[in-house]
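The lines below spell out each chain.
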Amino acid sequence: MLPPNPVLLKASGVCLRYPSAPVHGTSWRDEFVRWLSPGKGLSSRQWTPVLSELDLEVRRGDRILLLGANGAGKTTLARCLTGMIPPDRGLIEKRSSTAIVPLLGPAAWALPELTAEENTTFLAQVYGLSAVEARKAAARALEFASVMDRRARPIREFSRGMQAKLWLSLILELPLGSDSVLILDEVSGGEDVRFRERWFARLDAAPIGALVWISHSTELLAPHLERGWVMDQGRIACDGTLAEARACYLAGGTR
Amino acid sequence: MSFLVKTEGTTRGAVPGLASVGFMRQTFALTSVSIRSRFRGTLAGAFWVFAFPLLAFAVQIWAYRRVLDVPVVDYSSFLFSALLPWIWISQTFEMGIASLSLQAPFFRATPLHPLAGVASSVLGNALCSSIPLLALTLLTANGLQEAVVRVVLLVPAIALLTAALIPLLILLASFQIFLRDTRFVASFVMSLLYFLTPIFYPEETVPEQWRGGLDWNPIYRLILPIRSAIYEPLRGDYGMNFAIAVGLIIVLAAGAFPLWAKVRKQVYASA
């Protein structure tokens, strides 16, 4: 029997709460009015638990689909795993050679008034590439997304599908190593079928360590992923094959 | 199996993520593209950015010297040495306070550190503001010796104001996350403070019983090192003004970074 593949990323006992209403949407004026209103005082924070004693392991070679109802905490988990938000309690560990590479959500650009080339180059720099490497990666991504002839146009003029193609193309131009963990969260958004087939062929061949994909499109992703997690009540409620995870999710997220 | 601890709970009081690899690189890259966007990629766009504070100075020097006849020696140096830093601070607030909210869709999706947006607002404005400031400093100097002294004192003062604006903008941008009118309140407060700060009138014209209030005007305290570098640089109060501004930066940083640590989750709270 072969030894199990090495663990690249591990979470133990992770807990996280988010601050919620009435903090959102208040203003200095609202606070001033509340302060002067008898018996009300300043608005206080309320907290919503999102992750609760969550444990998981991602091993080299894993291709995982993360399922869960809206609001189950999938995106929050992704942000926690990438280090964007530190957990309130618990531990997230990664192998020292592991790079966590997140792309969480549909295409968004730092400066939409700048050109496609400038925005894509900057995006590559955000992932840690030098200016020269970023320009090269952006050029390859523009080529792969078939938008090279529009590289000097402002990205805000691009259709949603074209933006998605560029967004997805760049992520595979990054130097992802065999210990990297790619985390994608509902990244598709209107890209055409021909592009999608070419892109998935590249993804399948990419030398990445592991892939965690948050999506509701199980049919689309089934040929490219092998394992499934279901999030419920702030933790991984099911961990199994894709078919098992899907059945678990449809049954309400219980094991 | 060797593991590197990535993130652990109980980060209260720390500055989570600020020291992450690539923060400075992200900040410089964002500053570079932001400036390109501001200049619209043209010389005319750059001219517009640099000309704006100079035009404001030209109008005010005419109004205060010709119309109000403010009795100050070398009034042009006196005025621009505080007016240009004031415009710099106002523009930094205007462009940077909402940066955490405006860039949220981008940094929620990618590894861009949210504070890189704040820091790049400060650096971009520092670059765009210090060029006309240095130009006027050299143009209005009386001879080479004064020009050299002014520049030697001015460069650290510019660095100091840049350093001060980072925690100040982190504070205001953090408030903007949950108090959505912070940008407008700050703009209103700045317009009031303009008249309560000795920018176009000398400190000595403020009645003596109220003059102590100027010590509590943080914007004035941050502007003073620049003014004392340009206006009468040999008067000897540069060192004291510099030291007070350094103390103010420490106080601002002590407030800004813990507040950021508290609101960091709020930045990511919306989907």
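Residues numbered from 1 in each chain as written. Chains lettered and ligands numbered in written order. Predicted model: local features only at pLDDT ≥ 70, side-chain atom pairs only at ≥ 80, totals over all residues.

Draft legend 1. Fine view of the pairing of strand β3 (residues 63-68) of chain A. All names here are of chain A. By the criterion of burial, β3 is predominantly enclosed, with five of the six residues buried. Pairing of β3 with strand β7 (residues 210-214), which is carried by four bridges, proceeds in the parallel orientation. Each residue of the ladder has a partner; that of R63, found in β7, is L211. Bridge analysis of β3 against strand β8 (residues 227-232) gives five bridges, and the strand direction is parallel. By the bridge assignment, L66 is partnered in β8 with W229. (Buried ≥ 20, exposed ≤ 12 C-beta atoms within 10 Å, placed from the backbone. Helix = DSSP H or I, 4+ residues; strand = E, 2+ residues; numbered from the N terminus. Pairing = 2+ DSSP bridges.)

Draft legend 2. Expanded view of the interface of chain B and chain A. With 42 residues of chain B at the contact, the number on the chain A side is 45 residues. For the side of chain B that touches chain A, the elements supplying multiple residues, two or more each, are β1 (3-8), α1 (23-38), α5 (104-109), α8 (182-196) and α11 (238-269) of chain B. Per element, the largest residue contribution to the side of chain B that touches chain A is eight residues, and it comes from α1(B). Considered class by class, the residues forming the side of chain B that touches chain A number 19 nonpolar, 14 polar and nine charged. (Contact = placed C-beta atoms within 7 Å. Nonpolar A, V, L, I, M, F, W, Y, C, P; charged D, E, K, R; others polar.)

Draft legend 3. Spotlight on unusual backbone geometry. Residues and elements named next belong to chain A. Positive phi, close to 50 degrees, is recorded for E53, a residue that is not glycine. Turning to its location among the elements, E53 is positioned in strand β2 (residues 46-59). By C-beta crowding, E53 is classed as partly exposed, having 13 other C-beta atoms within 10 Å.

Draft legend 4. Layout of the nonpolar core. Core analysis: the largest hydrophobic core is formed by 147 residues, its most contacted members being A:V181 and B:L169. At 18 residues, the largest contribution of residues to this core is made by helix α7 (residues 143-178) of chain B. In this structure B:L169 touches B:T92, B:G96, B:I97, B:V118, B:S121 and B:V122, once residues within four positions along its chain are discounted. (Core = buried A, V, L, I, M, F, W, Y, C linked by C-beta atoms within 7 Å.)

Draft legend 5. Main features of the sheet that holds β3(A). Residue and element names in this part refer to chain A. Spatially, the six strands line up as an open sheet ordered β5-β6-β7-β3-β8-β9, and their pairing is mixed. Of all strands in the sheet, those bounded by a partner on one side alone are β5 (100-104) and β9 (235-241). Taken over all neighbouring pairs, the strand axes of this sheet differ in orientation by 20 degrees on average, direction set aside. Sheet topology places β5 next to strand β6 (residues 181-185); five bridges connect them, and they run parallel. Residue V101 lies in a different strand from β6, and its bridge partner there is L182. (Axes fitted to C-alpha atoms, helices over the stretch in contact; angles between N-to-C directions.)

Draft legend 6. Summary view of the packing of α1(B) against helix α6 (residues 114-139) of chain B. All names here are of chain B. For the pair α1 and α6, interaxial distance at closest approach is 8 Å and the crossing angle is 50 degrees. Between α1 and α6, the interaxial angle falls into the category oblique. In this structure, α1 meets α6 at a crossing whose hand is right-handed. Listed contacts from α6 to F23, Q26, T27, L30, T31, S34, I35 and R38 of α1 are A116, G117, A119, S120, L123, G124 and L127. Its residues placed into classes, the contact of α1 with α6 shows seven nonpolar, seven polar and one charged. (Parallel < 35°, antiparallel > 145°, perpendicular 65-115°, else oblique. Left-handed = near helix turned anticlockwise from the far one by under 90°.)

Draft legend 7. Representation of the pairing of β6(A). All names here are of chain A. Burial of β6 is extensive: five of the five residues sit out of reach of the surface. Alternating residues of β6 divide into V181, I183 and D185 and L182 and L184, and every residue in both groups is buried. Where β6 and β7 come together, five bridges link them in parallel fashion. Bridge pairing in β7 places L182 opposite L211. Since β6 and β7 lie parallel, the crossover through helix α6 (residues 193-205) that links them has a hand, and here it is right-handed. (Right-handed = clockwise from strand over helix to strand, strands pointing away.)

Draft legend 8. Representation of the environment of B:Y231. All names here are of chain B. By the secondary structure assignment, Y231 is in the loop between α10 (218-230) and α11. With 22 C-beta atoms counted inside 10 Å, the residue Y231 sits in the buried group. Measuring from C-alpha to C-alpha, the distance between Y231 and L79 comes to 9.0 Å, with 152 residues separating the pair along the chain. Apart from residues lying up to four places away in sequence, Y231 is in contact with S77, F78 and S81.

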